[in-house]
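# What the coordinates show
Here is what each chain is made of, one letter per residue.
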Amino acid sequence: MDTSSPLLRVRNLTHAYGNLLACSDISFELHSGEVLGIVGESGSGKTTLLNCLSARLAPTNGIVEYDLRGRGLSDIYALSEPERRLLLRTDWGVVMQNPRDGLRMDVSAGGNVGERLMAVGARHYGAIRQEAEDWLTKVEMDLGRMDDKPKHFSGGMQQRLQIARNLVTKPRLVFMDEPTGGLDVSVQARLLDLLRGLVRELRLSAIIVTHDLAVARLLADRLMVMKDGKVVETGLTDQVLDDPHHPYTQLLVSSVLQV
Amino acid sequence: MSAAQQQATEGDDGYNFAYLDEQTKRMIRRCLLKAVAVPGYQVPFGGREMPLPYGWGTGGMQVTASIIGRDDTLKVIDQGADDTTNAVNIRRFFARVAEVPTTESTAEASIVQTRHRVPEDPMREDQIIVYQVPQPEPLRPLEPREIECRKMHAYKEYGLMQVSLYEDIARFGEIATSYSYPVMVGDRYLMSPTPIPKFDNPKMDDFPALQLFGAGREKRIYAIPPYTKVKSLDFDDHPFAVQQWEEDCALCGAEDTFLDEVILDDQGGKMYVCSDSHYCARRRAEGHEGKLSESAARAYAAAVGAAEEEEA
């Protein structure tokens, strides 16, 4: 692992909606192969931060730099829009909280996975289909449902399909916004298992936004705790969760229900 | 405008020449020039109300009205035929408001306005073909957001269109899209060739005549200049192919034309005939015969006779 140069570097990122400060002065670095969890309660600015990082919302202030292939660390908001869009569908992946936002509900599962391949120029049907099959197998989907539309899938299947669709171009960095939101616990557990396996196997870097500390514990190497748009604590996941320093983190950790 | 010009542009019955006022024609001509300059790009224009409903060819009529002159000869076809309602009405409209001669012959026409077909007869450099377009945006069924569609065109991001062809093969084993088959114009813009059958797509490539497209409801104009590369999208392992028929035209025996299926009775009887009515009639006049030409002529005569008796 190259530890000298980060994959993603964020400096003094601030975003305001009018007078409302959603993220304030956030700086951090993400290295290749690392999984960063962003936790915090609803309204703490997690999703705004993720949107700013993933080139979908220009921050009011601050710089987001990404290690582009062949170009080194570059300010993503200084790129032209087509370059940014290309980055989003090749080297990056975005898994949305609501699969409806991340999938084409009227296109078959195979087509959903193949879309990114076709977007970067794949024009051989057999090859695209083979690749889609491979990925659907990797996310443990029944290949018999490959030609069905996602609107007829269960929530867990939709989420797994979304993951396959994002990983098919072998991205280096994946953004996930509450990947397990709205799923029941057993489905959540399987999805987490799957994600953990994929992240390790593909040496993915990921930034995962969640309010679920169990998800953070399982997936993230490092944690960032947010409150009112500010990062109040950062550190290794186990360290933050087992020995929280900031009062808010202590509250968060102690609020988890024990079964 | 001088009095002489006034007279020159006014028709006898109080309408301006070719129905539209001169400022409107000028606006549309400007859009046409832009469309020709950027082949396949959809140029927005200020569509006017025409005296017929949207979907009946208002876009094509506005384009025709803007380019037609007194020395033009107009042919209008609807699904290839010169004698269906839409074609007859639009032809009569221009005969009245522009007082131009009309024809059913492709070779004699200087402007051909068409709905859903390219004539079988070859066209020449001194001719213009005007298409009536219901939905100019090929990405619309897949991407409902207009802004997103425009960005996709601007950045040439056309992977999504390929997805629709993928879906076809996944569901039907082949590219089942048979009309409105998407094309790339001049290696740059994705374009919907209007609902012409994909049989006509290859004709658009390197076509000698200027091709103009008008969408009245969606208020878009686009164009393909003469001799422009027009390529139908496909996959490497599922190449583009046009429709095939098992039979030839039952009236004129043509083997290489686009055929319509005509139901003859309620016993499953049917025949295939050329959709281009002028082309078929000319071939029959030249002595070509299909296997059903005689009985079809009898059946037609009987049907017309029956209708006349009913009227009487």
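Keep in mind the model is a prediction, meaning the values are calculated, not measured. Residue indices begin from 1 for each chain and proceed along its sequence in written order. Naming scheme: in the order in which they are written, chains are lettered from A and ligands are numbered from 1. With pLDDT at 70 or above as the cut-off, local features in this predicted model cover only qualifying residues; side-chain atom pairs require 80 or more to be listed or tallied, and sums for whole chains, interfaces and linings still use all residues. As a rule here, side-chain values come from all non-hydrogen atoms in the structure, and water together with hydrogens is ignored.

### Quick look at the overall build of chain A
Within chain A one finds ten helices and ten strands. When we talk radius of gyration, it's over C-alpha atoms, and the globule rule is simply 2.2 Å times the number of residues to the 0.38. Radius of gyration (C-alpha) of chain A: 18 Å, near the 18 Å computed for a compact globule of 259 residues. Expressed as lengths along the three principal axes of its C-alpha atoms, the size of chain A is roughly 55 × 50 × 40 Å. Any residue under 20% of the maximum accessible area for its type is buried, any over 50% is exposed, and the rest in between are partly exposed; the area is computed with a 1.4 Å probe on protein chains only. Each of the 259 residues in chain A was classed as buried or not, and the buried ones make up 53%. As displayed, chain A has an accessible area near 11,400 Å², and 50% of this comes from carbon and sulfur atoms. Positive residues here are Lys and Arg, negative ones are Asp and Glu, while His and the chain termini are left out of the count. Each charge is placed at NZ for Lys, CZ for Arg, CG for Asp and CD for Glu. For chain A, the separation between the mean place of its 30 positive charges and that of its 33 negative charges on side chains is 5 Å. Helix and strand definitions here come from DSSP, where helices need a minimum of 4 consecutive H or I residues and strands a minimum of 2 consecutive E residues; each element is numbered from the N-terminal end. Note on areas: these come from Shrake-Rupley sampling with a 1.4 Å probe, and a residue is covered only by the protein chains present in the view.

### Regarding helix α1 (residues 46–53) of chain A
The buried fraction of α1 of chain A is high, at seven of eight residues. The positive-phi residue at the C-terminal boundary of α1 of chain A is Ala55 of chain A, with phi of around 65°.

### Focus: the domain arrangement of chain B
All names here are of chain B. Boundaries between domains were set according to an automatic or database domain assignment. Each domain of chain B was delimited in the assignment, giving domain 1 (22–140 + 176–232) and domain 2 (259–311). Here the C-alpha centre of domain 2 lies 28 Å away from the C-alpha centre of domain 1. When checking whether two residues touch, look at their non-hydrogen atoms; a contact exists if any pair is within 4.5 Å. Of the residues lining the interface, 13 residues belong to domain 1; the matching set on domain 2 comes to seven residues. As a working definition, buried area equals the accessible area (1.4 Å probe) given up by two parts on being put together, with both sides summed. Per-residue buried area on domain 1 facing domain 2 is highest for Gly80, Glu120 and Asp121; these three make up 50% of the total on that side.

### A word on unusual backbone geometry
Of note, the phi angle at Asp228 of chain A is positive, near 50°, even though the residue is not glycine. Position of Asp228 of chain A among the secondary structure elements: in the loop between β9 (222–227) and β10 (230–236). Phi is positive for Tyr19 of chain B, which is not a glycine, with a value near 70°.

### A look at the interface of chain A and chain B
Interface size is often expressed as the accessible area that is lost when the parts come together. Counting residues at the interface gives 21 residues for chain A, matched by 20 residues for chain B. For the pair chain A and chain B, the summed buried area comes to about 1,900 Å², and 56% of that belongs to carbon and sulfur atoms. For the chain A face of the interface with chain B, the top three residues by lost area are Arg85, Arg123 and Tyr125 of chain A, together amounting to 38%. Salt bridges are defined as contacts in which a side-chain nitrogen from Lys or Arg sits within 4 Å of a carboxyl oxygen from Asp or Glu. Run the count over chain A and chain B and you get five salt bridges. Linking Lys151 of chain B and Glu81 of chain A is a salt bridge whose minimum nitrogen-to-oxygen distance equals 2.8 Å. Side-chain atoms alone can form a polar contact between residues adjacent in sequence; in general such a contact is a pair of N or O atoms within 3.5 Å, and within protein one must be able to donate a hydrogen while the other accepts it. Where chain A packs against chain B, one counts 14 residue pairs in polar contact (both at pLDDT 80 or more). Mapped by element, the contributors of at least two residues to the side of chain A that touches chain B are α2 (81–89), α4 (109–119) and α5 (125–138) of chain A. Looking at the side of chain A that touches chain B, the element that brings in the most residues is α4 of chain A, giving five residues. Three classes are used, and their members are as follows: Ala, Val, Leu, Ile, Met, Phe, Trp, Tyr, Cys and Pro are nonpolar, Asp, Glu, Lys and Arg are charged, and the others, Gly among them, are polar. Split into classes, the residues belonging to the side of chain A that touches chain B amount to seven nonpolar, five polar and nine charged.

### Structural notes on the packing of helix α6 (residues 155–167) of chain A against helix α7 (residues 185–202) of chain A
All names here are of chain A. Axes here refer to lines fitted to C-alpha atoms; in helices the fit is confined to the stretch in contact. Angles between the N-to-C directions go from 0 to 180 degrees. Interaxial distance between α6 and α7 falls to 10 Å at its minimum, and their mutual angle equals 10°. Taken together, the axis directions place α6 and α7 in an arrangement best described as roughly parallel. Together, Gly156, Gln159, Arg160, Ile163 and Leu167 of α6 and Val187, Arg190, Leu191, Leu194, Leu195, Leu198 and Leu202 of α7 make up the contact between the two elements. Class assignment of the residues belonging to the contact of α6 with α7 gives a composition of eight nonpolar, two polar and two charged. Between 65 and 115 degrees an angle is taken as roughly perpendicular, under 35 as roughly parallel, over 145 as roughly antiparallel, and anywhere else as oblique.

### Details of the nonpolar core
Here, nonpolar core refers to any group of buried Ala, Val, Leu, Ile, Met, Phe, Trp, Tyr and Cys residues whose side-chain atoms link them within 4.5 Å. Val113, Leu161 and Ile163 of chain A together with Tyr166 and Phe235 of chain B are the most contacted members of the largest nonpolar core, which totals 67 residues. Counting residues per element, this core draws most heavily on helix α6 (residues 159–172) of chain B, at seven residues. Beyond its immediate stretch of four places on either side in the chain, Val113 of chain A contacts Ala132, Trp135, Leu136, Leu161, Ala164, Arg165 and Val168 of chain A. Membership of the second largest hydrophobic core comes to 31 residues, among which are Cys31, Val43, Val76 and Phe94 of chain B.

### Focus: the packing of aromatic side chains
Stacked, tilted and edge-to-face are the three classes assigned to paired rings of Phe, Tyr and Trp, where Trp is represented by its six-membered ring and a pair needs centres within 6.5 Å; plane angles under 30 degrees give stacked, over 60 edge-to-face, the rest tilted. Enumeration according to the criterion identifies 13 aromatic pairs over all chains in this entry. Summarising the aromatic geometry, the rings of Tyr125 of chain A and Phe235 of chain B are spaced 5.9 Å apart at their centres and angled 70° between planes, so their arrangement reads as edge-to-face. Placement of Tyr125 of chain A in helix α5 and of Phe235 of chain B in the loop between β9 (230–232) and β10 (259–263) is noted, with the two residues assigned to different chains. By the burial criterion, Tyr125 of chain A is buried, and Phe235 of chain B matches it. When the centroid spacing of 5.2 Å and the interplanar angle of 80° are considered together, the rings of Phe93 of chain B and Phe94 of chain B count as edge-to-face. Judged by relative accessible area, Phe94 of chain B falls into the buried class, the value being 0%. Put simply, the rings of Tyr66, Trp92 and Phe175 of chain A pair up and form one aromatic cluster. Throughout this description, the term charge over a ring refers to an Arg CZ or Lys NZ atom that lies within 6 Å of the ring centre and within 35 degrees of the ring normal. In this structure, Lys138 of chain A packs its charged tip against the face of Trp135 of chain A, placed 4.3 Å from the ring centre.

### So, the pattern of salt bridges
Pairs can form between side chains of opposite charge whenever their charged atoms are close. Tallied over the entire structure, the rule returns 41 salt bridges over all chains. Here Glu157 of chain B and Arg89 of chain A are joined by a salt bridge, their closest N and O atoms 3.0 Å apart. Note that Glu157 of chain B is positioned in the loop between α5 (146–154) and α6 and Arg89 of chain A in helix α2, a pairing that runs across two chains. Of the two residues, Glu157 of chain B and Arg89 of chain A, both sit in the buried class. With its nearest N and O atoms 3.3 Å apart, the salt bridge here joins Arg172 of chain A to Asp91 of chain A. One end of the pair, Arg172 of chain A, is in the loop between α6 and β7 (173–177); the other, Asp91 of chain A, is in the loop between α2 and β6 (92–95), and 81 residues separate them in sequence.

### With respect to the pairing of β10 of chain B
Residue and element names in this part refer to chain B. Relative to strand β11 (residues 270–274), β10 is paired through five bridges, and the arrangement is antiparallel. Counted as the bridge partner of Glu261 is Tyr272 from β11. Two strands are counted as paired when DSSP detects at least two bridges linking them. Adjacent in sequence and paired antiparallel, β10 and β11 are bridged by six residues, among which Gly268 carries a positive phi angle near 90°.

### Brief notes about the sheet that holds strand β2 (residues 20–30) of chain A
Residue and element names in this part refer to chain A. An order of β2-β1-β4-β5 is seen for the four strands of this open sheet, with the pairing classed as antiparallel. The open sheet has two edge strands with one neighbour each: β2 and β5 (72–75). In this sheet, neighbouring strand axes are inclined to one another by 25° on average, regardless of whether the strands run parallel or antiparallel. Of the pairings in the sheet, the one linking strand β4 (residues 61–68) to β5 comprises four bridges and is antiparallel in character. If you follow Asp67 over to β5, its bridge partner there is Leu73. Strands in contact with α1 are β1 (8–17), β2 and β4; relative to β1, the strand with the most contacts, it is inclined by about 125°.

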